[in-house]
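# Structural features, examined
Letter by letter, the chains look like this.
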Amino acid sequence: MIYFDHNATTPLDPEVLDAMMPFLTSLYGNPSSLHRHGRVVNTALEQARFQLASLVNVSPEQVVFTSGGTEANNLAISAALKADKRHVLFGATEHPSVTETVGDLSDHGFTTEALAVDNNGLISVDSLLNKLQPTSGFISVMLANNESGVIQDVAALSAAVKNKGLVFHTDAVQAAGKVTVDFNQLGVNLMSLSSHKIYGPKGVGALIHDKATPLSAMQRGGGQEAGLRPGTENVAAIIGFGKAAELAKLRLNERAQHLAALQSSLEQGLQDVAGLTVVAAEVDRLPNTSQILLDGIDGEMLLMQLDQQSIAVSSGSACSSNSKQPSAVLTAMAYPDKLAMSAIRVSLGQQNTLTEVNDFVAKVKLIAAQRR
Ligand SMILES: Cc1ncc(COP(=O)(O)O)c(C=O)c1O
């Protein structure tokens, strides 16, 4: 089986599993307990906080562990509710955990506005400044897109609105572990991360917090995570996330070079296929992500054919009420519906090899030739 769907989720790194095991077996204490069973677990939890903090260059107190990227995005957007200003901006290609949550703000008297992207999926500083209003209080722009891999210049966007009284949130779920992510360099107030995109376990993530922006906890309970995420911690998962973050930092350059080499072989291998487009090929992208359009070929059909040949990729379309819709990301980038329906996303990972890439290229070429 060739697994090329790492933006959906990554396999657990064996070293991460090793780090987690004691906390699923003998070290079962509650980190809030004062006796030694609790204290030993609490120390490990704080070590994981430290490991995650150093991946994104913040101090451990800035890390709030959550149940994943989705919850981190929801918690971040709670900052909008705390702000006096009622105009909210968000990127047109954000993940549904941002768009759906921002959408709900209209029930609370907010006006929400999407920031348009260009054909490469990028938001310009000018278009942001044009949309900015005196009542703008919150903005969410993702660092790297999950479908296209396009990297936004979040630092430039945040610098453009600095001192204008906005809370700036970035969803860095796809960027972390693939490119350098430095919270302070990005100049944001809040940042979301998720463990299962960096070879950690599912069901754990984090919100990085500047400690100055007021947030509204989504549930009530004990004082865990500084009261921002009450409930007994998912200890083993957090320990795994910490270990995955440590490995991501240690291996960042090595992984990025490996992925970039595979990505370039893959895209070059496919370049002579008729009707092929690599989305946003000319701009800064994640080294592991290639979104490919094959004019005249249905993306989902291609996905299923590749699946039959033991290759896992994802398609760009989303199913709603039994009718297929083109990807909202590609629509926002002004791709016509028919072309957008041909999209597949290839997202590579640390264990992939050149042999696998060559195999994929050969199979796509064969399918494309048979379909035409
Ligand atoms: C950009 C982005 N944000 C948020 C999420 C949600 O993260 P999680 O699966 O940890 O809830 C994902 C997951 O696919 C994502 O790609």
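Because the structure is a prediction, the values reported are computed rather than measured.

Most of the time, phi is negative for any residue but glycine, and the peptide bond is trans. The phi dihedral of Asn57 falls on the positive side, at around 60°, and the residue is not glycine. Mapping Asn57 onto the fold places it in the loop between α2 (36-55) and β2 (63-66). The phi dihedral of Lys211 falls on the positive side, at around 75°, and the residue is not glycine. Within the secondary structure, Lys211 is located in the loop between β8 (205-209) and α8 (235-270).

This part takes up the pattern of salt bridges. Overall, the coordinates contain 13 salt bridges when judged by the stated rule. Residue Arg49 pairs with Glu46 through a salt bridge whose shortest N-O separation is 2.8 Å. Placement of the pair is Arg49 and Glu46 together in helix α2, with a separation of three residues, close to one helical turn. Since its relative accessible area comes to 8%, Arg49 is described here as buried. Accessibility expressed as a relative area gives 34% for Glu46, which makes it partly exposed. Its salt-bridge partner being Lys338, residue Asp295 comes within 3.8 Å of it at the nearest N-O pair.

Moving on, we get to the domain arrangement of the protein chain. Split by domain assignment, the protein chain resolves into domain 1 (2-8 + 253-371) and domain 2 (14-248). The partner domain 2 presents 26 residues to the 25 residues of domain 1 that form the contact. Across the domain 1 to domain 2 interface the summed buried area is about 2,100 Å²; carbon plus sulfur atoms make up 54%. At the boundary of domain 1 with domain 2, the tally comes to zero salt bridges. Counting the contacts that link domain 1 with domain 2 gives 12 residue pairs in polar contact (both at pLDDT 80 or more). Secondary-structure elements contributing two or more residues to the side of domain 1 that touches domain 2 are α8, β10 (289-294) and α10 (328-332). Within the side of domain 1 that touches domain 2, the residues separate by chemical class into 12 nonpolar, nine polar and four charged.

Near the ligand there are 14 residues, and of these Gly69, Thr70, Asp171, Ser194 and Lys197 occur at the shortest range. Thr70 has a polar side-chain atom sitting 2.6 Å from an oxygen atom of the ligand. Between the ligand and Asp171, the relevant distance is 2.6 Å, taken from a nitrogen atom to a side-chain nitrogen or oxygen of the residue. Protein contacts shield 86% of the accessible area of the ligand, which totals 390 Å² for the unbound molecule. In terms of residues, the shell around the ligand owes the most to one element, helix α3 (residues 69-82), which gives three residues. Tallied by class, residues from the shell around the ligand come to two nonpolar, 10 polar and two charged.

Nonpolar side chains collect at one region of the surface, where Leu12, Leu17, Met21 and Leu24 lie side by side and expose about 340 Å² of accessible area between them. In this structure Leu17 comes out as partly exposed when scored by relative accessible area, which is 38%.

Along the chain, Phe168 falls in strand β6 (residues 167-171). Residue class for Phe168 comes out buried when judged on its relative accessible area of 2%. For Phe168, the contacting residues outside a window of four places in its chain are Ile139, Val141, Val154, Leu157, Ser158, Val161, Val188, Asn189 and Leu190.

Two numbers describe how α3 lies on helix α4 (residues 96-104): the axes approach to 9 Å, and their chain directions differ by 35°. As for the relative orientation of α3 and α4, their crossing is right-handed in sense. Residues Thr70, Asn73, Asn74 and Ile77 of α3 form the contact with α4, whose own contacting residues are Ser97, Val98, Thr101 and Val102. In the contact of α3 with α4, the residues fall into three nonpolar, five polar and no charged.

Two elements in contact, helix α9 (residues 299-308) and helix α12 (residues 354-371), have axes whose closest approach is 11 Å; the angle formed by their N-to-C orientations is 125°. Of the possible angle classes, the one that applies to α9 and α12 is oblique. Every pair of crossing elements has a handedness; the one defined by α9 and α12 is right-handed. When α9 is examined against α12, the residues Met301, Leu302, Gln305 and Leu306 are found in contact with a partner set consisting of Phe360, Lys363, Val364, Ile367 and Arg371. Of the residues belonging to the contact of α9 with α12, the class tally is six nonpolar, one polar and two charged.

Rules behind the numbers
Residues numbered from 1 in each chain as written. Predicted model: local features only at pLDDT ≥ 70, side-chain atom pairs only at ≥ 80, totals over all residues. Heavy atoms only, no water. Helix = DSSP H or I, 4+ residues; strand = E, 2+ residues; numbered from the N terminus. Salt bridge = Lys/Arg side-chain N within 4 Å of Asp/Glu carboxyl O. Buried < 20%, exposed > 50% of the residue type's maximum accessible area, 1.4 Å probe, protein only. Domains from an automatic or database assignment. Contact = heavy atoms within 4.5 Å. Buried area = accessible area lost by both parts, 1.4 Å probe. Polar contact = N/O pair within 3.5 Å; in protein donor to acceptor, adjacent residues only side chain to side chain. Nonpolar A, V, L, I, M, F, W, Y, C, P; charged D, E, K, R; others polar. Near = heavy atom within 4 Å. Areas by Shrake-Rupley, 256 points an atom, 1.4 Å probe, with all protein chains shown as cover. Patch = residues over 30% accessible without salt bridge, like charges linked within 9 Å, V, L, I, M, F, W, Y side chains within 5 Å. Axes fitted to C-alpha atoms, helices over the stretch in contact; angles between N-to-C directions. Left-handed = near helix turned anticlockwise from the far one by under 90°. Parallel < 35°, antiparallel > 145°, perpendicular 65-115°, else oblique.

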